[in-house]
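# A structural walkthrough
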Amino acid sequence: MLKKAVSVEQLRLMPNRVLFAEQTNATSKLRNLLYELKKENDNRPMKMLIVGAGGSFPSALLVKQILARECKTPEIEVVTPQTAIKMLRQSFFNPINEPFYNVVIAISYSGKTPDIQSVYEVCKAKNIQFILVTKAIISDVEEMYSNYNSIFSNIISYHNENDDTGNERGMISMASTLSPIVIFDNLGSNCKTGNQKYFEKGKEFVETLDIVALAEHIKINPIINVFYEWDTMPTAFDIESKFTEAGIANVILHEKKNFSHGRYVSLYTLKSGLNINLRRLISFVDILNELNEHQNTIYKTPYDEKLEVFLDYISAKNNTPYIKIGTDTYMSSQWNIEAMLIIPYLLVAIGEELGIDISKPLQPFPEEVKELYNYRGKF
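Residues numbered from 1 in each chain as written. Predicted model: local features only at pLDDT ≥ 70, side-chain atom pairs only at ≥ 80, totals over all residues. Heavy atoms only, no water.

## A short note on empty space enclosed by the protein
Which entries qualify depends on this criterion: Any residue with an atom within 4 Å of a point lines the site, the site being either a cavity, points on a 1 Å grid over the protein atoms alone where a 1.4 Å probe fits but cannot get out, or a pocket, an open set with protein on both sides within 12 Å along at least 5 of 7 lines. Grid points are joined across faces, edges and corners, and a volume is the space filled by probe spheres set on the points. Secondary structure elements are defined from DSSP: runs of H or I of at least 4 residues count as helices, runs of E of at least 2 residues count as strands, and each element is numbered from the N terminus.
With the rule as written, the count across this model stands at 4 cavities of 30 Å³ or more. Each pocket or cavity is described by its volume, and for the largest cavity that value is around 80 Å³. Lining the largest cavity are 13 residues; nearest its centre among them are Arg17, Lys135, Tyr158, Asp163 and Ser179. When contributions to the lining of the largest cavity are tallied by element, the ones reaching two or more residues are helix H1 (6-22) and helix H7 (175-185). By volume, the second largest cavity is sized at about 60 Å³.

## A closer look at helix H5 (residues 114-126)
Quick reminder of the rule: In a helix, the anticipated span is given by 1.5 Å times the number of residues less one. Between buried and exposed lies partly exposed: a residue is buried under 20% and exposed over 50% of the maximum accessible area for its type, with that area taken using a 1.4 Å probe on protein chains only. By definition, residues are in contact when any of their heavy atoms lie within 4.5 Å.
With 13 residues, H5 should reach 18 Å at 1.5 Å per residue; the first-to-last C-alpha distance of 19 Å fits that figure. Among all positions in H5, only Pro114, Ile116, Gln117, Ser118, Val119, Tyr120, Val122 and Cys123 are buried. Turning to H5, the residues buried within the fold contact strand E1 (48-52), helix H4 (81-89), strand E3 (103-107), strand E4 (130-134) and helix H16 (367-373). In the segment just after H5, asparagine 127 is the residue with positive phi, at about 60°.

## Observations concerning the packing of H1 against H7
Applied cut-off: Helix axes are fitted to C-alpha atoms over the stretch in contact, other axes to C-alpha atoms as well, and angles between N-to-C directions run from 0 to 180 degrees. With respect to orientation, any angle under 35 degrees is reported as roughly parallel, any angle over 145 as roughly antiparallel, any angle of 65 to 115 as roughly perpendicular, and every other angle as oblique. Handedness of each helix crossing follows the sense of rotation of the near helix against the far helix: counterclockwise by less than a right angle gives left-handed, clockwise gives right-handed. Here the term charged refers only to Asp, Glu, Lys and Arg, the term nonpolar to Ala, Val, Leu, Ile, Met, Phe, Trp, Tyr, Cys and Pro, and the term polar to all other amino acids, Gly among them.
Relative to each other, H1 and H7 sit at 30°, their axes nearing to 9 Å. In this view, H1 runs roughly parallel relative to H7, as classed from their interaxial angle. Every pair of crossing elements has a handedness; the one defined by H1 and H7 is right-handed. Residue-level inspection shows Met14, Arg17, Val18, Ala21 and Glu22 of H1 in contact with H7, the latter providing Ala175, Leu178, Ser179, Val182 and Ile183. Grouping the constituent residues of the contact of H1 with H7 by class yields 7 nonpolar, 1 polar and 2 charged.

Keep in mind that these numbers describe shape and distance, not what the molecule does.
The following block contains the structure:
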C-alpha cells in the first residue's frame, strides 16, 4: 500500500472538491448565459461545439448529453482542441457570413491550457461566441480570454473561496473531470446530496471487487476492453483516459453493436487483463404483486442480453476478470455520473496494488515531455 501516495490524498479530497464546486453560482451563471444565447438566436436550436483536452474530454462528452436535453438541440459536437481548431478554421459557404457555431464551450480545469487558449484565439478571429468553464479565479484568466462576445461574460468559474482543499495535483483528473459535469447537470436539478451519496456507493462497489486478482491480471496483460454505447460513452472515454494516463493499461473501446462486426476476433486471439461492460438496465415495478411490491430490472435490448451472455462466456474461457458497471438509472447523464464516480476508486485501488502512485506514474518526470505539453506554436 502507498500510504503517502498523492493519488490517495486526491481521492480522499475528491467528494469535498466536487461539493465546493456545486456550492458556487456557476450553474446559475451558466443558465443565464445560455438563456442570453438562446434569445440572440431567436429561440432556434443552437449549434454548439464542446471542447475538452485530456481528462476534460469525457466531461465534454457528458456535457453534450446534458445540453442536448436542457437546450433542446441535437446540433452539438464534442472534440479535442486540435480537431476544434481544424473545424473552426474551415471556411463554409455562407452568404450572410454567420458563424457556423452559435457558441464554443471549452472546459479547462486550470483555464491556462495552451491548447484551449488556441481555440479561443480562433473563435475570436472568427467572431464565434466563446465560453470557458474552469476552476480558475476569473481575475487570473480574464486577460487571456477577453470578452469580445455580446454576452455579459464568457468565463464560468466554479472556484469557491471557502474551498480549503487546494487545487488537484498529479497526472490524473478526478474532481477536475467531475466538477464541470455536475455544474452542467444542475441546470436540470440540484443533486448535491445525491451526488455525495454516489461517491460512497462508488467506493463500496470497488471494495466488493478482488483488486489483488485484477491487478495481477492487468500486470501480466495490460489491455482493458470496454463495451459501451452512446448513452455510456462518457464513462467509456473516462476509463480510457484515466487508465492510459496512469500508464497502467491500454484501453480498447468497443461500441456494443459494432463489436459484432469482427471486433470479437480480438477476444479470441489477444490476451486481456480486464473486460468491462457498461450496462444500461431498465427497471419496472411488479404491479401484479400488490402486497409485496418489488423492483425488477431487465436488459435494455435483447442484444444487450446476448452480448452479456457472450462476455460471461469468453471472459471465463480466457480466465479474464470481468466487471459489470451500471444501474437502472433512467437519465443517461445521471447514469454516467454514478458510473464515473466509481472509476477513480477503481484506478487508485489497482494502482496501489501494483505499487504505482497513479497521480505520479513517472518518477522522475521526464523533461522532454514538458515541451510537448506546454507547446504554444501551431499544431
